[in-house]
Amino acid sequence: MTKLDTSRRWSDHVVTDRLTTVIREAVLAACQAGELQLEGPLPAVVLEPPRRKQFGDYACNLPMLLARSTGLPAPDVAARILKWIPAPSGLVERAEIAGPGFLNFHLRPDWLHDVMVEIETKDEAYGSNRAHAGDRALIEFVSANPTGPISVVNGRAAALGDTLRRLLQACGAEVSTEFYVNDALNSTQMELLGESLACRYLQELGEPVAMPENGYQGDYVIEMAREIVAAEGDALAGLAVGERSLKFRQLATEQMINQQRSALAAFGVEFDRWFFESSLYDTGAVRQAIADMKARGYAYEKDGALWLKTTVLSGDDQDRVLVRSNEKETYVAADAAYHRDKFSRGFNRLINIWGADHHGYVSRLKASIAALGCPAERCEVLLTQMVLLMRDGEPVRGSKRAGDIIPLVDLVNEVGRSAGRFYFLMNSYETTSAFDLELAKRQSSENPVYYAQYAHARCCSVLQRAEDDGVAIPPASEAARSLLTHEKELDLLRKLADYPGEVRMAADLLAPHRLAGFVREIGQALHQFYEECPALKVSVPDDLRGARLALFRSTATVVRNLLALLGIDAPTKMDRSAAPGASSGDDATA
RNA sequence: GCGCUCGUAGCUCAGUGGAUAGAGCUUCUGACUUCGGAUCAGAGGGCCGGGGGUUCGAAUCCCUCCGAGCGCGCCA
């Protein structure tokens, strides 16, 4: 009853498919011979690479799953299946019963050697698959209010969303990304930002005006004011109060969005579309959504306001206001209209990435989607846990209003785009992480990303050296692959073979941090291979040298593909000025 | 009070219902007159928050308690 779905697991190789067939046929043969009696259908055959090498290339837990229905102890079931598995055969070198009833398979090494040919043939496409073909996904993320710069905290969602896009695309999905701009000029926050900017503007002109209560205190507001003075002089000072307020709201929005866009671009994140909340008002989509919710009986009037029945729709603890008594619509109404718009554009999978502090809003959004008759279950909300900002061990409050935020641009300048991205991607977004800015700077050269990048650079370096020395590097298809029998060679090949499954798993679980962990594993296998299996030493026979060089090239391809999914550079050589002790903020040369 | 999320090595974190729970950092000890040492080998470190349950098998699923973070507005 469980684990019937092998498609979500490890059958991404021709090899596992063939092995699955071997096992299935053995079970059927045992049944026909009357040695096994099954009730019901045969459970899916699950193969996984065992944690310990001694257990072989693939382990199968089928005997334990069949123990109950056959009424036999799992090892007995295993023995009766094993009897019908031909070994040694073309694929299986050896099969054995182990532990509580596993069937462990040791395969002939040829299948590993052929992975090199597959990598060479598919090249950039190695690791890609069609598992998510047919998905039309829209990933909406960051969506920071245009009331301040993109902060380090936004970096987590930015790196995650951008990587999910690449990941899902690699699995055959059609993906768009979107930044939702809360630019509705009648919103409370935008009024306040406009007033704060107007105030700074007048102060720049020498007028002693006081900042509004709770105004935005950040220096960036003063900088914007200076730019306006530089561009417009005192031309805006004479405007009537109402007109001036609106004008500054518009100016503030425009400037903040430009700033945000370039900060994200510097982080390697670009959106297919910036969707403006205001457009939903301009087209009447918000009013239409409200009217439809009313018509469907999910909205009612009380105390002069219009309410959405979220208690009924999603078990919320109270209903939520759609239209205030002052007749202004709330964000709930606008978001309902926005998500209906997403569906109307043909997307069948909506992925929203929000900060954990918005978790209370998930059920409200789904309620509003349902109230419009849209499929709320097709909207997934990923909640990134808090990034606790620290400075010298002391927590920092990241309030835009108080001006105490750390811009993402600063991080990029300090540690570079690749290291910054990796920092966020290496941990699951579901765990809270402490981010000490001083520590991040100091650790820049210890950042695990360099380990992965060095693996790539090291491969390239060896290949370059071979080329410089006039040593031929044969294509994998012509290399003497079967000479690669050293333990470290086989370990490395195994990692390269596992890569497509890792990509698929990371995509299925929307968990790119798995790839960040896996690239370390490949790096480790590479470095160990490098230590123990010299290629260019004179003592190495030509055919073995060729095979090893081909393996370096296969590895470089896989690491490059993996880093590309994470949006991280794969340098051909490391920039030593960024080595421990130095503090260059640039990325290693590509 | 109600709700959401999370408790794994000194620190930061992995871990697909499977076999002896793993990395990195830190600490200690070693390695090549090199295919670039941003490397490699080794050691130390754990009642997987506590207690029940389901299962052949639980860090993983369920219940409960303890602890932490966050949310609960006619703000977004």
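For the structure given in this document, a descriptive report is provided here. (Residues numbered from 1 in each chain as written. Chains lettered and ligands numbered in written order. Predicted model: local features only at pLDDT ≥ 70, side-chain atom pairs only at ≥ 80, totals over all residues. Heavy atoms only, no water.)

### Notes on the overall build of chain A
Right, on to step 1. Counting secondary structure elements, chain A contains 20 helices and 15 strands.
Right, on to step 2. Along the first, second and third principal axes, the C-alpha atoms of chain A reach 90 × 65 × 40 Å.
Right, on to step 3. Nonlocal contacts in chain A, meaning residues at least 24 apart in sequence, comprise 73% of its contacts between residues at least 6 apart.
Right, on to step 4. Split by element, the accessible area of chain A, about 26600 Å² in all, is 48% carbon and sulfur.
Right, on to step 5. With 65 positive and 80 negative side-chain charges, chain A shows a spacing of 4 Å between the two charge centroids. (Helix = DSSP H or I, 4+ residues; strand = E, 2+ residues; numbered from the N terminus. Contact = heavy atoms within 4.5 Å. Areas by Shrake-Rupley, 256 points an atom, 1.4 Å probe, with all protein chains shown as cover. Lys, Arg positive; Asp, Glu negative; His and termini not counted. Charge placed at Lys NZ, Arg CZ, Asp CG, Glu CD.)

### Brief notes about empty space enclosed by the protein
Right, on to step 1. Inspection of the entire model under this criterion finds two cavities of 30 Å³ or more.
Right, on to step 2. In this structure, the largest cavity occupies an estimated 70 Å³ of space.
Right, on to step 3. Along the walls of the largest cavity sit Arg156, Leu160, Phe424, Leu425, Asn427, Ser428, Tyr429, Pro512 and His513, which together make up its complete lining.
Right, on to step 4. Residue assignment for the lining of the largest cavity shows that the elements contributing at least two residues are helix H5 (152-170) and helix H15 (417-425).
Right, on to step 5. Tallied by class, the residues present in the lining of the largest cavity amount to five nonpolar, three polar and one charged.
Right, on to step 6. Looking at the second largest cavity, its volume works out to about 30 Å³.
Right, on to step 7. Lining the second largest cavity we find Arg156, Tyr423, Phe424, Asn427 and Ser433.
Right, on to step 8. Grouping the constituent residues of the lining of the second largest cavity by class yields two nonpolar, two polar and one charged. (1 Å grid on protein atoms, 1.4 Å probe; cavity = no way out; pocket = protein on both sides within 12 Å on 5 of 7 lines; lining within 4 Å. Points joined across faces, edges and corners; volume = space filled by probe spheres on them. Nonpolar A, V, L, I, M, F, W, Y, C, P; charged D, E, K, R; others polar.)

### Some thoughts on the sheet that holds strand S7 (residues 273-276)
Right, on to step 1. Ordered in space as S7-S6-S5-S11-S12, the five strands form an open sheet in which the pairing is parallel. Two strands in the sheet have a free side with no partner beyond their single neighbour: S7 and strand S12 (379-384). For this sheet the average axis-to-axis angle between neighbouring strands, irrespective of direction, equals 25 degrees.
Right, on to step 2. Inspection of the sheet shows strand S5 (residues 136-140) paired to strand S6 (residues 174-181) by five bridges, in the parallel sense. Across the sheet, residue Ala137 finds its bridge partner in S6, namely Val175.
Right, on to step 3. Strands in contact with H5 are S5, S6, strand S11 (349-355) and S12; relative to S11, the strand with the most contacts, it is inclined by about 160 degrees.
Right, on to step 4. Helix H13 (residues 362-371) rests against S11 and S12 of the sheet, and its axis sits at about 165 degrees to S12. (Pairing = 2+ DSSP bridges. Axes fitted to C-alpha atoms, helices over the stretch in contact; angles between N-to-C directions.)

### Section: the sheet that holds strand S9 (residues 305-308)
Right, on to step 1. Judged by pairing direction, the sheet is antiparallel, and its three strands sit side by side in the order S8-S9-S10 without closing on themselves. The open sheet has two edge strands with one neighbour each: strand S8 (299-302) and strand S10 (320-323). In this sheet, neighbouring strand axes are inclined to one another by 45 degrees on average, regardless of whether the strands run parallel or antiparallel.

### Section: the side chain of Arg548
Right, on to step 1. Within the fold, Arg548 resides in helix H20 (residues 542-566).
Right, on to step 2. When its relative accessible area of 8% is taken as the criterion, Arg548 is described as buried.
Right, on to step 3. Not counting the four nearest positions on each side in its chain, Arg548 is found in contact with Leu484, Glu489, Phe529, Cys533, Pro534, Ala535 and Val540. (Buried < 20%, exposed > 50% of the residue type's maximum accessible area, 1.4 Å probe, protein only.)

### Topic: the pattern of salt bridges
Oppositely charged side chains can form a pair if their charged atoms are brought close together.
Right, on to step 1. Evaluation of the coordinates by the stated rule reveals 30 salt bridges.
Right, on to step 2. When the shortest N-O distance is used, the salt bridge between Glu191 and Lys328 registers 3.3 Å. With Glu191 in helix H6 (residues 188-204) and Lys328 in the loop between S10 and helix H12 (331-344), the pair connects residues that are 137 residues apart, well separated along the chain.
Right, on to step 3. Classification of Glu191 by relative accessible area gives partly exposed; the value is 25%.
Right, on to step 4. Judged by relative accessible area, Lys328 falls into the partly exposed class, the value being 25%.
Right, on to step 5. For Arg364, the salt bridge goes to Asp316, with nearest N and O atoms at 3.7 Å. In this pair, Arg364 is assigned in helix H13 and Asp316 in the loop between helix H11 (310-314) and S10, connecting sequence segments 48 residues apart.
Right, on to step 6. We classify Asp316 as buried; its relative accessible area is 11%.
Right, on to step 7. It is possible to trace a salt-bridge network through shared partners that takes in Lys53, Asp57, Glu487, Asp491 and Arg494. (Salt bridge = Lys/Arg side-chain N within 4 Å of Asp/Glu carboxyl O.)

### A short note on the packing of aromatic side chains
Two descriptors summarise a pair of aromatic rings, namely the distance from one centre to the other and the angle between the planes of the rings.
Right, on to step 1. In the structure shown here, the tally under the stated rule is 16 aromatic pairs.
Right, on to step 2. Ring centres 4.6 Å apart and planes at 40 degrees place the aromatic pair Phe141 and Phe271 in the tilted group. One end of the pair, Phe141, is in the loop between S5 and H5; the other, Phe271, is in the loop between helix H8 (241-266) and S7, with 130 residues separating them in the sequence.
Right, on to step 3. On the numbers, 5.3 Å between centres and 15 degrees between planes, the contact of Trp354 with Tyr361 is stacked.
Right, on to step 4. Classification of Tyr361 as buried rests on a relative accessible area of 9%.
Right, on to step 5. Taken together, the aromatic side chains of Phe141, Phe179, Phe271 and Trp274 make up a single cluster linked through ring pairs.
Right, on to step 6. Just above the ring of Trp274 sits the side chain of Arg261; from NZ or CZ to the centre is 4.7 Å. (Phe/Tyr/Trp six-rings, centres within 6.5 Å; stacked < 30°, edge-to-face > 60°. Lys NZ or Arg CZ within 6 Å of the ring centre and 35° of its normal.)

### A word on helix H19 (residues 513-532)
Right, on to step 1. For H19, built from 20 residues, the straight-helix expectation of 28 Å at 1.5 Å per residue is met to within 8% by its first-to-last C-alpha distance of 29 Å.
Right, on to step 2. Among the residues making up H19, those that are buried are Leu515, Ala516, Phe518, Val519, Ile522, Gly523, Ala525, Leu526, His527 and Phe529.
Right, on to step 3. Of the surrounding secondary structure, the elements contacted by the buried residues of H19 are H5, H15, helix H17 (449-468), helix H18 (487-508) and H20. (Expected span 1.5 Å × (residues − 1).)

### Some remarks on the packing of helix H10 (residues 285-295) against H12
Right, on to step 1. At a closest axis distance of 8 Å, the pairing of H10 and H12 adopts a crossing angle of 95 degrees. Our classification of the angle between H10 and H12 gives roughly perpendicular. Contacts between H10 and H12 pair Ala285, Val286, Gln288, Ala289, Ile290, Asp292 and Met293 from the former with Ala333, Ala334, Ala336, Ala337 and Arg340 from the latter. (Parallel < 35°, antiparallel > 145°, perpendicular 65-115°, else oblique.)

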